[in-house]
Amino acid sequence: MTEEVRSALARGIAHLLTQHCKDGNFEGQLSSSTFPTCAYAWIELVQNETPDPALIEWFIANQNEDGGWGLDTANVSNTEATRFARLILEQTQQRAPDPSLEKLLASVPKYEPHLALVKLTYAAFNQFDWNELTLSENALPLMKLARQLMKIPLLGSRLKPPRHRLPPVALFNTPMFDALFIAEQHTLVPVFIMIELNTAKRPEMITSLATWLKTHVLSDGSWFRVNYITALSVLALIELQEKWEADVEIDEFIQRGIAWLRTTRNRDGGCREALNLNVWDTALSIIALTEMYATHNESGKHPSKNIPLTDELTDKVKSAAQWLINHQNEDGGWAFSGLRDSTLPSDADDTALGTLALIRSLLVGSPMDREALDNSVHRGITWMQTQQVRDGSWSTYQPGQGDVGCVSITAHAIEALLAFDQSDIPDIPHVREAMIAGVYWLRKQIHRDGYWRDLWLAKDTYGTACAIAAFVKVGLKNAPEVERGVAWLERTQNADGGWGEDMFGNPTESTVEQTAWSTYALLLANPENTAAERGIAFLLKHQREDGSWFEQCVGIYWEIIGGYADPIYASVFPILALNQLSQTTP
């Protein structure tokens, strides 16, 4: 198997290098999904246009056998996604009757919408009462109490905000709005505008909401560089222009927003939720491509496997590192998608991996500007220190603003701090203390069954794999938590040797990505793990001739919207697993 693994690794690396872009970054094409595709068609409909035929073809091609649509490429039918798609297709059929579309609609199940965001769409087409979308303003004191109760351990995890009703518009003027998760704020403001324009019509409220929306647009014309949030913002401005005030500024916002949404169209006719994840993809790619050179001999080759440090790999890693330096935000962090003007906020996950990637890039040789790299790493580490929560964890964005500690992000932060501590880059005080606090938090997050649950990738396998990797790398291979995590991965392995679960943590067929990161963690803990051996066999079996693997839906936007597949993931994680085996095989 050794020669087979070496060949698979070399072909995997060669394929990943083909995903290097001319600007220097790595970027995978994210998959289309139902909510963003529906949102794009919704905008066309409110502008009295018939949706693009390619959009309709996407709905036809992605309808499941039961007549419904899934949230994402996992193709497990979801009632809210199906209800959203049905409404869009009904409105399209009314606009431009078509026998084939009529036949398609006859096969779609009829569900009453439950999710408030889907009810909003029905209200926009006069099929739901605007006044029934929100909770009463009298509920605000209860909402405040609920937020306090959610801070209580155990109880907080069981309290969930209602999904069938939106909060009252008056929430906007309270400290509770400021404490919301940043994506929630960006979602609620355009929704509040639409509701207010169709209900109370309070001038001061509409003006305040519209001002917030205008001041939060990004330099590329989007809101938060997310399809659904941008679509809601454009729809709110269209309503504002039609029902409140029309001016040149609003029209410009609308046109720029629509132009940006066009960039989220995929070749399959559908839309993806985010424009790209190029910072994340670039950092992951650098880490995967440099891991095998953590130690190398004077000839520039892997000491035991004769894997050459090629000029192509060196050049692309260095250019990717420079791209990261160029796209670092002014505050020292990185956003999930690269904008050079710092208008998209930094997040802890991209900052942790961006910083780690820059440190790791030094393994392939000195950069053109070592001072710039050192300075960038310093700023990244400093940003991470300021964002650590008092309990030792890292959340996605601002601690305390509707955010929660995340297992994978904390694990990535620990790895970045460890790499910095072991590097020759000038020291920063209290790095080890931050790392120790993060490890302490991770120890407390393990579930009684032995897994860690994650927020942004699916789901328990990723959280568990990240936690195990962090423990092993800081020298805690023999920690009882590692033993329990390994046992859980072994128990949940599928019969084919792989691992798989959906974005809710339910078992599914095996995916390359989940198999790869689970196998990588097991090999770190024990190079002779038999479950890991079966995982490697799965990866070898499913690699294509060109060195790639089939990408599947393992990324999560959020559970209401669904997830995504990214071909970068299907390269970097298998490379990490195969390389880990090659390093430990005689």
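Here the structure is shown first, and the text comes after it.
Residues numbered from 1 in each chain as written. Predicted model: local features only at pLDDT ≥ 70, side-chain atom pairs only at ≥ 80, totals over all residues. Heavy atoms only, no water.

1. Side note on the overall build of the protein
- Scanning the protein from terminus to terminus reveals 24 helices and four strands.
- The C-alpha radius of gyration of the protein comes to 24 Å, within 12% of the 25 Å expected for a compact globule of 586 residues.
- Principal-axis analysis of the C-alpha atoms places the extent of the protein at approximately 70 × 55 × 45 Å.
- Counting all 586 residues of the protein, 59% fall into the buried class. (Helix = DSSP H or I, 4+ residues; strand = E, 2+ residues; numbered from the N terminus. Rg over C-alpha atoms; globule rule 2.2 N^0.38 Å. Buried < 20%, exposed > 50% of the residue type's maximum accessible area, 1.4 Å probe, protein only.)

2. Details of the pattern of salt bridges
- A complete count under the given rule lists 17 salt bridges for this structure.
- The partner of glutamate 249 in a salt bridge is lysine 214, with the nearest N and O atoms 3.4 Å apart. Of this pair, glutamate 249 sits in helix α13 (residues 248-262) while lysine 214 sits in helix α11 (residues 203-215); the two residues are 35 residues apart in sequence, bridging distant segments of the chain.
- The exposure class assigned to glutamate 249 is partly exposed, which follows from its relative accessible area of 42%.
- Overall, the relative accessible area of 18% leaves lysine 214 in the buried class.
- Arginine 370 is paired through a salt bridge with aspartate 374; the nearest N and O atoms lie 2.7 Å apart. On the criterion of helical spacing, the pair formed by arginine 370 and aspartate 374 is a turn pair, its members being four residues apart in helix α17 (residues 370-387).
- Through salt bridges with shared partners, a single ionic network connects Glu137, Glu196 and Arg202. (Salt bridge = Lys/Arg side-chain N within 4 Å of Asp/Glu carboxyl O.)

3. Structural notes on helix α4 (residues 79-95)
- Here α4 spans 24 Å end to end across 17 residues, near enough to the 24 Å set by a 1.5 Å rise per residue.
- Here α4 lies mainly inside the structure; 13 of its 17 residues are buried.
- N-cap assignment for α4: the residue whose side-chain oxygen lies 3.0 Å from the backbone N of glutamate 80 is asparagine 78. (Expected span 1.5 Å × (residues − 1). Polar contact = N/O pair within 3.5 Å; in protein donor to acceptor, adjacent residues only side chain to side chain.)

4. Details of the nonpolar core
- Among the nonpolar cores identified, the biggest contains 200 residues, and Phe35, Phe59, Leu120, Ile468, Tyr569 and Phe573 are the most heavily contacted of them.
- Ignoring any residue separated from it by four or fewer positions in sequence, one finds isoleucine 468 in contact with Trp452, Val482, Gly485, Val486, Leu489, Ala521 and Ala525. (Core = buried A, V, L, I, M, F, W, Y, C linked by side-chain atoms within 4.5 Å. Contact = heavy atoms within 4.5 Å.)

5. A word on the packing of helix α21 (residues 480-492) against helix α22 (residues 512-525)
- As a packed pair, α21 and α22 sit with axes 11 Å apart at the nearest point and diverge in direction by 135°. Our classification of the angle between α21 and α22 gives oblique. Once α21 is placed against α22, the crossing between them reads as left-handed. In this structure, α21 contributes Val482, Val486 and Leu489 to the contact, and α22 contributes Ser518, Leu522 and Ala525.
- When grouped by side-chain class, the residues that make up the contact of α21 with α22 number five nonpolar, one polar and no charged. (Axes fitted to C-alpha atoms, helices over the stretch in contact; angles between N-to-C directions. Parallel < 35°, antiparallel > 145°, perpendicular 65-115°, else oblique. Left-handed = near helix turned anticlockwise from the far one by under 90°. Nonpolar A, V, L, I, M, F, W, Y, C, P; charged D, E, K, R; others polar.)

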